[in-house]
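Structure at a glance
Now for the letters of each chain:
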Amino acid sequence: MGSNGRTTLTRSQGTLRRSRTGTVSGYVFRVIREQLDHTQDSLAEAFGVSADTVAGWESGRRPLTSLAVGQMLAHRHRLMRMGVTPVLLLALDKALEADVLLASTLIEEEFIGPSLLGAWVMQRDLVEVLAWPLNGVTPEPMRGLDSLTRARRGPAPVRPELPAEDRRRFFRRMRRTAEEARGGDFLVRRQALYLAGYDDAPDTPAWLTEEQRAERPGDWLTEWLTARSVATVAARHGDRDRMQHFITTTLDGDDAGEAANLNYWAYWIGESPHLQLTDDFIAATGAPSWHGHKLLQHLVTSLAPDRGFFDLHTHTLWALLAARPGLLRTSSAGRALGDRLPVLLDGTEPSTRTRRELEGIRYAIRLAEA
């Protein structure tokens, strides 16, 4: 301990922590190299660096985030010329962002300056990549890529990996961030609550419920977003009753709540055209700036009765088609939805409200086809 009572890192501890800051981007870079059918040696030759440098990038020993911006852009342009899949280039960009956020959480034991969690409203493409080494779930854009399952010589990770202690440290920090932001920076608090919800610890749902009770009275949007965050995390942990309660009391029949839900979803999946620095856009009234085609496609492909979000996805889809019925006439997703509805209605046991909404969606499809 230092004389001021704060923990000081030894040189070896600092090196160990830094080696973990390139976990996600290093893994994505490895996937890119494999997709291009390069070895570490051959890619090093193409890049004009040593094979040890490439190995360091991939392992996180030499984090890509430590490269100068211009150098990283040059490497990115070189990858484009080599023919890398565009989705992987985008994933690499998000992986670099995720590593910066992970590093800000794992390296320092005490907060220094404002939390990065309050800089902007995060979207799904970043959050899924950030959560990848925490929950092992592959981000949707990368699922199904052959390079993710390509056989490798010897033992090799199949996803970005963090030591168990680092995962615990991350979730402890998210809880502490949320608790310390109570009554202060709501965006920091909300996003910390959401990320803390990826923790599979048995006490996570109870902790989130207690945090909701402890929330100081705020405006309508603050209370709406807090309720949504807690219901979402509960659903992720298998508690569908809390999500049902959220839909019934906060969305169903409430025009403001329905509009906020659609605005949130459109931004979350990247359909809204601009990054947002505050949550205020969620409560915006008037014609939204998004069209709905991407949201429709996402909701249709996400309808999975065995998942805790099934009720929310169904309700959001129902509300979207009620607000924009013309989407069914201009999107191929409508046909795919029509093909899936019989299975969803006859092969599952949805709640009464969800069944009613599925029937309403089927009727809307028939009208669009007439």
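Residues numbered from 1 in each chain as written. Predicted model: local features only at pLDDT ≥ 70, side-chain atom pairs only at ≥ 80, totals over all residues. Heavy atoms only, no water.

Here we look at the layout of surface pockets
The line we're drawing: Buried and open spaces are told apart on a 1 Å grid over the protein atoms alone, a cavity being a set of points where a 1.4 Å probe fits but cannot get out and a pocket being an open set with protein on both sides within 12 Å along at least five of seven lines. Residues with an atom within 4 Å of a point are the lining residues. Grid points are joined across faces, edges and corners, and a volume is the space filled by probe spheres set on the points. Elements are defined by DSSP. Helices are runs of H or I of four residues or more, strands are runs of E of two residues or more, and each kind is numbered from the N terminus. The residue classification treats Ala, Val, Leu, Ile, Met, Phe, Trp, Tyr, Cys and Pro as nonpolar and Asp, Glu, Lys and Arg as charged. All others, Gly included, are polar.
Its volume calculated, the largest pocket comes out at about 1,000 Å³. When contributions to the lining of the largest pocket are tallied by element, the ones reaching two or more residues are α7 (124-135), α8 (164-180), α11 (220-236), α13 (255-268), α14 (293-301) and α15 (310-323). Broken down by element, the residue count for the lining of the largest pocket peaks at 6 residues, all from α8. Residues of the lining of the largest pocket, tallied by class, amount to 17 nonpolar, 10 polar and 13 charged.

Overview of the packing of aromatic side chains
Where we set the bar: Here a Phe, Tyr or Trp ring, Trp counted by its six-membered ring, pairs with any other such ring whose centre lies within 6.5 Å, and the pair is stacked when the planes are under 30 degrees apart, edge-to-face when over 60, and tilted otherwise. Here, over-ring charges are defined by two tests on the NZ atom of lysine or the CZ atom of arginine: distance to the ring centre within 6 Å, and angle to the ring normal within 35 degrees.
Scanning the entire structure with this criterion turns up 10 aromatic pairs. Between phenylalanine 47 and tryptophan 57, the aromatic rings sit 6.2 Å apart at their centres with planes inclined by 65°, giving edge-to-face as the arrangement. Of this pair, phenylalanine 47 sits in helix α3 (residues 40-47) while tryptophan 57 sits in helix α4 (residues 51-59); the two residues are 10 residues apart in sequence, bridging distant segments of the chain. A network of ring pairs unites the aromatic residues Phe29, Phe47 and Trp57 as a single cluster. Lying over the aromatic face of phenylalanine 47, arginine 78 brings its terminal NZ or CZ to 5.0 Å of the ring centre.

Remarks on the packing of α11 against helix α12 (residues 240-251)
To keep it simple, the criterion reads: Every axis in this analysis is a line fitted to C-alpha atoms, fitted for helices over the stretch in contact. Angles between the N-to-C directions lie between 0 and 180 degrees. What sets the label is the angle itself: under 35 degrees gives roughly parallel, over 145 gives roughly antiparallel, 65 to 115 gives roughly perpendicular, and the rest give oblique. In a left-handed crossing the near helix is turned counterclockwise from the far helix by less than a right angle, and in a right-handed crossing that turn is clockwise. Contacts between residues were defined by any pair of non-hydrogen atoms, one from each residue, lying within 4.5 Å.
At a minimum axis distance of 8 Å, the contact between α11 and α12 shows a crossing angle of 155°. Compared by their axis directions, α11 and α12 come out roughly antiparallel. In terms of crossing hand, the pair formed by α11 and α12 is left-handed. For the pair α11 and α12, contact is made by Trp224, Ala227, Arg228, Val230, Ala231, Thr232, Ala234 and Ala235 and by Arg242, Met243, Phe246, Thr250 and Leu251, respectively. Tallied by class, the residues present in the contact of α11 with α12 amount to 9 nonpolar, 2 polar and 2 charged.

Details of the nonpolar core
Formally: Among buried residues, the Ala, Val, Leu, Ile, Met, Phe, Trp, Tyr and Cys ones that are joined through side-chain atoms within 4.5 Å form a nonpolar core. For each residue, the accessible area found with a 1.4 Å probe, counting protein chains only, is set against the maximum for its type, and the residue is called buried under 20%, exposed over 50%, and partly exposed in between.
Ranked by size, the top nonpolar core spans 100 residues in total, and within it Leu79, Leu195 and Leu337 carry the most contacts. Setting aside its immediate chain neighbours within four residues, leucine 337 contacts Val300, Leu303, Leu317, Leu321, Ile361 and Ile365.

Observations concerning the packing of helix α9 (residues 186-196) against helix α10 (residues 204-214)
Between α9 and α10, whose axes approach to 10 Å, the crossing angle comes to 160°. Put simply, α9 runs roughly antiparallel to α10. Between α9 and α10 lies a crossing of left-handed hand. Taking contact as the criterion, the partners of Arg189, Leu193 and Ala196 in α9 are, on α10, Thr204, Trp207, Leu208 and Glu211. When its residues are assigned to classes, the contact of α9 with α10 shows 4 nonpolar, 1 polar and 2 charged.

Side note on α13
Put simply, the test is: Take the residue count of a helix, subtract one, and multiply by 1.5 Å to get its expected span.
Taking 1.5 Å per residue as the helical rise, α13 with its 14 residues ought to reach 20 Å, and the 20 Å between its terminal C-alpha atoms agrees with that figure. With respect to burial, α13 is a largely interior element, 11 of its 14 residues being buried. Here α13 has its buried residues at Gly257, Glu258, Ala260, Asn261, Leu262, Asn263, Tyr264, Trp265, Ala266, Tyr267 and Trp268. The first or second residue beyond α13 is glycine 270, which carries a positive phi of 90°.

Quick look at the pattern of salt bridges
The test is simple: We define a salt bridge as a contact between a side-chain nitrogen of Lys or Arg and a carboxyl oxygen of Asp or Glu at a distance within 4 Å.
Taken as a whole and judged by the stated rule, the model has 25 salt bridges. Across the salt bridge formed by lysine 94 and aspartate 125, the nearest N and O atoms sit 3.9 Å from each other. Placement of the pair is lysine 94 in helix α6 (residues 86-106) and aspartate 125 in helix α7, with a sequence separation of 31 residues. When its relative accessible area of 22% is taken as the criterion, lysine 94 is described as partly exposed. Among the salt bridges present, the one from aspartate 279 reaches arginine 190, with a minimum N-O distance of 2.7 Å. Of the two residues, aspartate 279 sits in the loop between α13 and α14 while arginine 190 sits in helix α9, which places them 89 residues apart along the sequence. On the basis of relative accessible area, aspartate 279 is assigned to the buried category, the value being 6%.

Focus: unusual backbone geometry
Not every positive phi belongs to a glycine, and aspartate 37 is a case in point at roughly 65°. Note that aspartate 37 resides in the loop between α2 (23-35) and α3.

Concerning α10
Within α10, burial applies to Thr204, Trp207, Leu208, Thr209 and Glu211. Contact partners of the buried residues in α10: α8, α9, α11 and α12.

Let's talk about empty space enclosed by the protein
Inspection of every chain in the model, using the stated rule, returns 1 cavity of 30 Å³ or more. In this structure, the largest cavity encloses a volume near 80 Å³. As for the largest cavity, its lining consists of Val121, Met122, Val127, Arg190, Gln191, Tyr194, Leu195, Tyr264 and Trp268. Broken down by element, the residue count for the lining of the largest cavity peaks at 4 residues, all from α9. A breakdown of the residues in the lining of the largest cavity according to their chemical character gives 7 nonpolar, 1 polar and 1 charged.

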